[in-house]
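# Geometric and topological summary
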Amino acid sequence: MGKYIYEGVKDFNLDHIFDCGQCFRWTRQEDGSYTGIAMGKPVNVSLKESAGGDPAGEADRAGGRPGQDGDRPRLDLVIDNCSKEDFETIWKGYLDLDRDYGKIKETLAASDEVMAKAISGGEGIRILRQELWETIVSFIISQNNNIPRIKGCIENLARLFGEPAGEYGGVQFYNVPSPEVMAGLTAEDLAPVRLGYRAPYLVETARQVMERGGMDAVAAELAAARTPEEACEYLRGFQGVGPKVASCIALFGLGRLEAFPIDVWVRRVMNRLYGIDEKDIKGMNAYAAEHFGANGGIAQQYLFYYIRGLDE
DNA sequence: TCGCAGGTGGTCG
DNA sequence: CGACCACCTGCG
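Residues numbered from 1 in each chain as written. Chains lettered and ligands numbered in written order. Predicted model: local features only at pLDDT ≥ 70, side-chain atom pairs only at ≥ 80, totals over all residues.

### Thoughts on the overall build of chain A
The helix and strand tally for chain A stands at 15 helices and seven strands. A compact globule built from 312 residues should have a C-alpha radius of gyration of about 20 Å, and chain A, at 20 Å, falls within 12% of that. Projected onto its principal axes, the C-alpha coordinates of chain A cover approximately 60 × 50 × 40 Å. Taken across its 312 residues, chain A has 39% of its residues classed as buried. Counting only contacts in chain A whose residues sit at least 6 apart along the sequence, the fraction spanning at least 24 positions is 66%. (Helix = DSSP H or I, 4+ residues; strand = E, 2+ residues; numbered from the N terminus. Rg over C-alpha atoms; globule rule 2.2 N^0.38 Å. Buried ≥ 20, exposed ≤ 12 C-beta atoms within 10 Å, placed from the backbone. Contact = placed C-beta atoms within 7 Å.)

Structure representation (structure tokens):
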């Protein structure tokens, strides 16, 4: 399979998207592209600048007017190992390409001065629309853990217990094992994955999914939830899923863009930039609901990327 | 060595 | 309820 090229992509930065903690199965290559797997398809994603002078993103960052092309530089998105059909059915949705992030950024920046600054640090973020089960597994693993180890655990889990998903660049890829498979395992079986105390959480959650009729049934119940709070309440019924993990699943696995996951980084940034007490989770949720509204999850990503940039 | 890393579950008061 | 605290593991 060859390359698929999506011409004229805007508000799209590979590092902002794949290195902001929302996903764990993508690896940065030496050339700045990312190789990874989603929906059982391994691909490489890169950007190519077509003719034009200015550095990418400047026009948008300064509050550029959408709809005006002018002599703005054009950026093409290149997906290698991707057919036109795969692009239409998988990657367009996964990469959230149909959403107008320029407009969202304008809205967020207009209502909040701090956010205007945060956006300029991660202006190319997009919320990936990830698979539900993989998102549940990933964020249960993420608790009290660091990103390199989270990635390692997920790779181990896929390699040792998942189905082969084809090869790319000389590397064999594997899918995260299904709830059916994981429900049949024990925490002991999972020892080589090095999940620590999270292993029994995953096994129990897989069993709970099966008890509820499998992943499709769970997804249907979650789709019926009117609000992200309702979805989170349901998700918190799973072992190892607390408020933060539930919120991440709602945002990244269900596409509930209002969800506003509050982790240690967001707590820090909300305290440092808005003066809200670090323990006042309720206050932070209220602030997000009022100022960020339907775009809470996207705002959270800008804040997250921003504070990480400040600390590094 | 010991603390810490994108929290959660269990136990108290 | 809200405030603690242990917890697998690997790294600095």
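### Structural notes on the protein's contact with DNA strand B
Close to DNA strand B lie 21 residues, the nearest being Gly 21, Gln 143, Asn 146, Gly 242 and Val 245. Within the residue set of the surface near DNA strand B, elements represented by two or more residues are helix H12 (243-253) and helix H13 (264-274). Sort the elements by how many residues they give to the surface near DNA strand B and H12 lands first, with four residues. Residue composition of the surface near DNA strand B, grouped by class: ten nonpolar, nine polar and two charged. (Near = placed C-beta within 6 Å. Nonpolar A, V, L, I, M, F, W, Y, C, P; charged D, E, K, R; others polar.)

### Focus on the protein's contact with DNA strand C
The environment of DNA strand C is made up of Asn 144, Arg 149, Arg 194, Gly 196 and Tyr 197. A per-class count over the surface near DNA strand C returns one nonpolar, two polar and two charged.

### Thoughts on helix H9 (residues 199-211)
Here H9 spans 19 Å end to end across 13 residues, near enough to the 18 Å set by a 1.5 Å rise per residue. Within H9, burial applies to Ala 199, Tyr 201, Leu 202, Val 203, Thr 205, Ala 206 and Val 209. Where H9 is buried, its residues contact helix H6 (132-142), helix H8 (179-183) and helix H10 (215-223). One or two steps after H9, the chain reaches Gly 213, where phi turns positive at roughly 100°. (Expected span 1.5 Å × (residues − 1).)

### As for the pairing of strand S5 (residues 75-80)
Of the two faces of S5, only one is covered, namely that formed by Leu 75, Leu 77 and Ile 79; the face formed by Asp 76, Val 78 and Asp 80 stays uncovered. As paired strands, strand S4 (residues 41-49) and S5 are joined by six bridges and run antiparallel to one another. Note on S5: the bridge partner recorded for Leu 47 is Leu 77. (Pairing = 2+ DSSP bridges.)

### So, the packing of helix H4 (residues 101-111) against helix H5 (residues 113-121)
When two helices pack together, their arrangement is given by the angle between their axes and by how far apart the axes lie. Between H4 and H5, the least distance of the axes is 5 Å, while the angle of their chain directions is 140°. As summarised for this structure, H4 and H5 are arranged oblique, according to the angle between their axes. Taken together, the residues of H5 that come into contact with H4 (itself represented by Lys 105, Leu 108 and Ala 109) are Met 115, Ala 116 and Ile 119. Classifying every residue of the contact of H4 with H5 gives five nonpolar, no polar and one charged. (Axes fitted to C-alpha atoms, helices over the stretch in contact; angles between N-to-C directions. Parallel < 35°, antiparallel > 145°, perpendicular 65-115°, else oblique.)

### What about the domain arrangement of chain A?
Under the domain assignment used here, chain A contains domain 1 (3-66 + 74-121) and domain 2 (132-253). Computed over C-alpha atoms only, the centres of domain 1 and domain 2 are separated by 25 Å. Counting residues at the interface gives eleven residues for domain 1, matched by twelve residues for domain 2. Of all elements in the fold, only strand S3 (34-38) and S4 reach the threshold of two or more residues within the side of domain 1 that touches domain 2. Element by element, the count of residues in the side of domain 1 that touches domain 2 is highest for S4, at three residues. Residue composition of the side of domain 1 that touches domain 2, by class: four nonpolar, six polar and one charged. (Domains from an automatic or database assignment.)

### A word on the sheet that holds strand S2 (residues 26-28)
The antiparallel open sheet is built from five strands, whose spatial order is S1-S5-S4-S3-S2. Lying at the two open borders of the sheet, with one neighbouring strand each, are strand S1 (3-6) and S2. Taking the axes of each pair of neighbouring strands and ignoring which way they run, one obtains an average angle of 20° across the sheet. Where S2 meets S3, three bridges bridge the pair, whose relative direction is antiparallel. Residue pairing in the sheet places Trp 26 in a bridge with Gly 36 of S3. Docked against the sheet, helix H3 (residues 84-94) engages S1, S3, S4 and S5, running at close to 55° with respect to S1.

### Here we look at the packing of H6 against H9
At a minimum axis distance of 10 Å, the contact between H6 and H9 shows a crossing angle of 155°. Between H6 and H9, the interaxial angle falls into the category roughly antiparallel. With respect to the hand of their crossing, H6 and H9 are arranged in right-handed fashion. Mapping the contact onto sequence places Ile 136, Val 137 and Ile 140 in H6 and Tyr 201, Leu 202 and Thr 205 in H9. (Left-handed = near helix turned anticlockwise from the far one by under 90°.)

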